[in-house]
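# What the coordinates show
Each chain, written out:
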Amino acid sequence: MSTNLNSQNYTLLDLSSKVEYALLALLELATNKGKKTPLTMSEMTAKQPIPERYLEQILTSLRRAGVIQSHRGSRGGFVLAREPWQITLLEIVTLVEGERKDREPSVTSTLERDLVHEIWEQANTASIKVLQNYTLQDLCQQREARLQQGPMYYI
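For the structure given in this document, a descriptive report is provided here. Residue numbers run consecutively from 1 along every chain, following the written order of its sequence. Totals for whole chains, interfaces and linings use every residue, but because this is a predicted model, local features are given only for residues with pLDDT of at least 70 and side-chain atom pairs only at 80 or more, for both listing and counting. Computation of side-chain values: all heavy atoms of the structure, hydrogens and water removed.

By convention in these notes, a salt bridge is any Lys or Arg side-chain nitrogen within 4 Å of a carboxyl oxygen on Asp or Glu. Tallied over the full model, the rule gives 3 salt bridges. A salt bridge links arginine 143 to glutamate 28; the nearest nitrogen and oxygen atoms lie 3.2 Å apart. Here the residue arginine 143 occupies a position in helix α6 (residues 136–149), and glutamate 28 occupies one in helix α1 (residues 17–31), the gap between them amounting to 115 residues. Since its relative accessible area comes to 24%, arginine 143 is described here as partly exposed. A simple rule labels every residue: compare its accessible area, found with a 1.4 Å probe on the protein chains alone, to the largest value its type can have, and call it buried under 20%, exposed over 50%, or partly exposed in between. We classify glutamate 28 as buried; its relative accessible area is 5%. Two residues, arginine 82 and glutamate 91, come together in a salt bridge whose shortest N-O distance is 2.6 Å. Accessibility expressed as a relative area gives 25% for arginine 82, which makes it partly exposed. Elements are defined by DSSP. Helices are runs of H or I of four residues or more, strands are runs of E of two residues or more, and each kind is numbered from the N terminus.

What follows is the structure, encoded as structure tokens:
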């Protein structure tokens, strides 16, 4: 029996909700970068479907990591601490998910086991390279490009 595994119905690398929400929130902050006022959590959740309690945890960890800054007071909210082109998707994934631990070398190393691990390491390296090559700026530009391509409705 052969199984057709294409990218539409099979995901080897899972995108966690935590990473997705962090990227969505950071995308909003990057879009807001040129404006004078910080973005509030309620403004972010109004634009993106992120549960507010979850967003609070994510923003706290991003603030502690120095990716964003928070401003208190009536005009408070959040801003990016760096330029969007300086923040890679790999950095965000690593901050939100935490550093992955290396696997313990198995007690019995065999040729076959070593081959399997080498291929998995190649897949891991490829995914790291892709995430290193994209920044928040890239996400903003791709979103803008797609919004421009969208249908125009005239009244």
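After presenting the structure, the write-up continues.
Here alanine 81 is to be found in the loop between β2 (77–80) and α4 (89–97). Put simply, alanine 81 and leucine 62 are 19 residues apart on the chain and 9.8 Å apart in space, counted from C-alpha to C-alpha. Contacts: residue pairs with any heavy atoms within 4.5 Å of one another. The residues contacting alanine 81, other than those within four sequence positions of it, are Gly66, Val67, Ile68 and Gln69.

Time to look at the packing of α1 against α4. Where α1 meets α4, the closest approach of the two axes is 9 Å, and the angle between their N-to-C directions is 130°. Judged on the interaxial angle alone, α4 and α1 are oblique. Considering how the two elements wind past one another, α1 and α4 form a crossing that is right-handed. Within the contact between the two elements, α1 uses Lys18, Val19, Ala22, Leu23 and Leu26 and α4 uses Leu89, Ile92, Val93, Val96 and Glu97. Taken together, the residues of the contact of α1 with α4 break down into 8 nonpolar, no polar and 2 charged. The convention used is that axes are lines fitted to C-alpha atoms, helices contributing only their stretch in contact, and that angles between N-to-C directions extend from 0 to 180 degrees. Roughly parallel refers to an angle under 35 degrees, roughly antiparallel to one over 145, roughly perpendicular to one between 65 and 115, and oblique to any angle outside these ranges. When the near helix sits turned anticlockwise from the far one by under a right angle, the crossing is termed left-handed; a clockwise turn instead gives a right-handed crossing. Amino acids are sorted into nonpolar (Ala, Val, Leu, Ile, Met, Phe, Trp, Tyr, Cys and Pro), charged (Asp, Glu, Lys and Arg) and polar (every other residue, Gly among them).

So, about the nonpolar core. In this text, buried Ala, Val, Leu, Ile, Met, Phe, Trp, Tyr and Cys residues form a nonpolar core when linked through side-chain atoms within 4.5 Å. Counting 28 residues, the largest nonpolar core has Leu26, Ile68 and Ile92 as the members making the most contacts within it. Broken down by secondary-structure element, the contributors of at least two residues to this core are α1, α2 (41–47), α3 (52–64), β2, α4 and α6. The biggest single contributor to this core is α1, with 10 residues. Residues in contact with leucine 26, not counting those within four places in the same chain, are Leu62, Val67, Ile68, Leu80, Ile92 and Leu136.

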